[in-house]
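Commentary on secondary and tertiary structure
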Amino acid sequence: MSLLRVENLSVRYGDVAAVNELSFDITAGESVGMVGESGSGKTQTGLAIMGLLSRAANVSGSVRFAGQEILGASEAELDRLRAVRMAMVFQDPMQALNPFVKVGQQLKTILLAHGLADGSAAEKRVLAMLERVRLPDAVRQFNAYPHQLSGGMRQRVMIASALIGEPDLLIAVEPSTALDVTVQAQILELLEDLRDDTALLLITHDLGIVAGRCERMLVMERGELVESGKTAAIFSGPAHEHTRALIAAAPRLDRGEALSPVTAESVLTIEAAHVSYVEHGKGQLHAVQDLSVSLQRGETVAIVGESGSGKSSLVRAALGLVPMQSGRVAFCGAELDRTLKSRSASVRRDLQLVFQDPVASLNPQMRVRALVAEPLLVHEQGLTRAEREQRVQEALDKVGLDDSFLSRYPHQLSGGQAQRVAIARALILRPKVLVCDEAVAALDGSVRQQILEMLRQEQLDSGLSLLFITHDLAVARAISHRVLVMYLGRLVELAASEVLFSRARHPYTAALLEAVPVPDPRAAGGYASLAGEVPSIINPPAGCAFHPRCAYSKEVCTTTRPLPRQFDRATVACHRVEELAGPD
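Read from one edge of the open sheet, four strands run 2-1-4-5, paired in antiparallel fashion. Looking at which strands have only one partner, the edges of the open sheet turn out to be strand 2 (16–26) and strand 5 (68–69). Inspection of the sheet shows strand 1 (residues 4–13) paired to strand 2 by seven bridges, in the antiparallel sense. Each bridged residue has a counterpart across the sheet, and for Leu9 the counterpart in strand 2 is Leu22. Strands in contact with helix 1 (residues 42–50) are strand 1, strand 2 and strand 4 (58–65); relative to strand 1, the strand with the most contacts, it is inclined by about 115°.

Let's shift gears to the packing of helix 17 (residues 415–427) against helix 18 (residues 445–462). The contact between helix 17 and helix 18 brings their axes to 12 Å, and the two run at 10°. As judged from the angle between their axes, helix 17 and helix 18 are roughly parallel. On helix 18, the residues that touch Arg420, Ile423 and Leu427 of helix 17 are Val447, Gln450, Ile451, Met454, Leu455 and Glu458. By residue class, the composition of the contact of helix 17 with helix 18 is six nonpolar, one polar and two charged.

Attention now goes to the packing of aromatic side chains. For any pair of aromatic rings, the description rests on two quantities: the centre-to-centre distance and the angle between the ring planes. Counted under the stated rule, the structure contains three aromatic pairs. Each residue in the set Tyr487, Tyr508 and Phe546 is aromatic and connected to the rest through ring pairs, giving one cluster. Above the plane of the ring of Phe405 lies Arg408, whose end atom (NZ or CZ) is 4.1 Å from the centre.

Where strands meet in a sheet, backbone hydrogen bonds hold them as pairs that are either parallel or antiparallel. Pairing within the open sheet is mixed, and its six strands lie in the order 6-7-8-3-9-10. At either end of the open sheet lies a strand with only one pairing partner, and these are strand 6 (86–89) and strand 10 (224–230). The sheet shows a mean angle of 15° between the axes of neighbouring strands, direction not considered. Of the pairings in the sheet, the one linking strand 9 (residues 216–221) to strand 10 comprises six bridges and is antiparallel in character.

Turning to the pattern of salt bridges, a few remarks are in order. Per the stated rule, a full pass over the model turns up 26 salt bridges. The shortest N-O distance in the salt bridge between Arg216 and Glu30 comes to 2.5 Å. In this pair, Arg216 is assigned in strand 9 and Glu30 in the loop between strand 2 and strand 3 (31–35), connecting sequence segments 186 residues apart. According to the relative accessible area criterion, Glu30 is buried, its value standing at 9%.

Definitions and cut-offs
- Residues numbered from 1 in each chain as written.
- Predicted model: local features only at pLDDT ≥ 70, side-chain atom pairs only at ≥ 80, totals over all residues.
- Heavy atoms only, no water.
- Pairing = 2+ DSSP bridges.
- Helix = DSSP H or I, 4+ residues; strand = E, 2+ residues; numbered from the N terminus.
- Contact = heavy atoms within 4.5 Å.
- Axes fitted to C-alpha atoms, helices over the stretch in contact; angles between N-to-C directions.
- Parallel < 35°, antiparallel > 145°, perpendicular 65-115°, else oblique.
- Nonpolar A, V, L, I, M, F, W, Y, C, P; charged D, E, K, R; others polar.
- Phe/Tyr/Trp six-rings, centres within 6.5 Å; stacked < 30°, edge-to-face > 60°.
- Lys NZ or Arg CZ within 6 Å of the ring centre and 35° of its normal.
- Salt bridge = Lys/Arg side-chain N within 4 Å of Asp/Glu carboxyl O.
- Buried < 20%, exposed > 50% of the residue type's maximum accessible area, 1.4 Å probe, protein only.

Listed below in structure tokens is the structure:
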């Protein structure tokens, strides 16, 4: 008998069908992956099963859990099931967790509300669960508020809250989206280790995760189930055109792309950059230290590293958005002032930035037409209205949005659509350098591939140069000519893409590559998580900052900071690089 049986489930909002006649089942202990692009109905399905859809949703069909019909059940009936029989790990733990209540108390409330424990027994059980999800210093985190934890730690708390009631079914909605690749590996490993006999419905757009973690998979498109079956069988022989497209669009470390030629002309040079901030009550935070990198015309340099490595601070200092305490930035050979206000309009026009959070960077009171046209009103005031309209439409066409989006507000866009609007807004000025800060992190496979192809074509057409910040190393492999790896504000490795991805020279780079999930069940499962959390950037370790997490650390690594030096076609900051490289 199935633990969960969904039959002819439909979810409609007015005339729009978010889910249409969906049927599937899950048996006890089984792991099932549900994949599809934004708007395919994945999350709506999960929310419908949990009874968490908004009142605007019109729901029909059947959802039976352990033989009991729960679709349309009262809140009281659902509350008796939630947390103890079925539970959900939400995509954004910062929104799911109560910001005004300490972490430990939130988990304790689950136990008390369902009569699973009381008093000191509940507190002990919460502490034990926090230790099981591998939160460092569980007693301290018990008394912390959600905003005091890192993204990875908040997601661990989210998993703890879902599993503390020992449910029979766990629904995980994009549990590792926007997390660093190392934290993602830890979270997925944690889910696998802790769920025991709990059935798992893993909702994600990342086929690499499903390939390595799920026995069966369901492929969704526009609210409908287009293919289902054993994961290995679908990957080896996808029957539906949409499934084939999703698999083909998944970026892979073992597969590069043909890139545009790079000229010898340097467009942006950063020399010995040092960026620091004063943290109130904590001291000086050195976000970037003595880092140099250049960017050639038509080149893409990907910048990778875990959260807190200084990636965003580096590029924002180069753009004049944050102060640089020391160092030099030059554009097309001319040294730039350190602040944006001091720079000429032509420089500001030629250096454009796509922010990580598109919704936060777009004015909520402006329609898409006005948002994309606004840069032209500032920098090309001589254009007629008709000429502006044409440029806006051309920019939207490049990012795959038709004219039906012109009258929409940001809140009427999905995350991926909002990001495409932000990219169109940056490209409409035809800049020489485009800085992308996690610009494709919110995009699904085929849309992401479309944007990457568009950027590559723009490089061929105009010689556009890209600084491309990403936590997705497979995306870095697909887009970059060179890769800069950062750790706690410093360069650890810089090399041509084909050199770095064929053989990483620094142990940290190697660990990042080993943590990347592969969208192929035959290759999946071999990736490994990097142990430990990134150290405090306010009080970094002595010597090599990576040594507390490095399996190859020796005494010299704990006392002396390694300087970047050339080795085997790469710039590497490691004391043992020659020794670890071994014979060719």
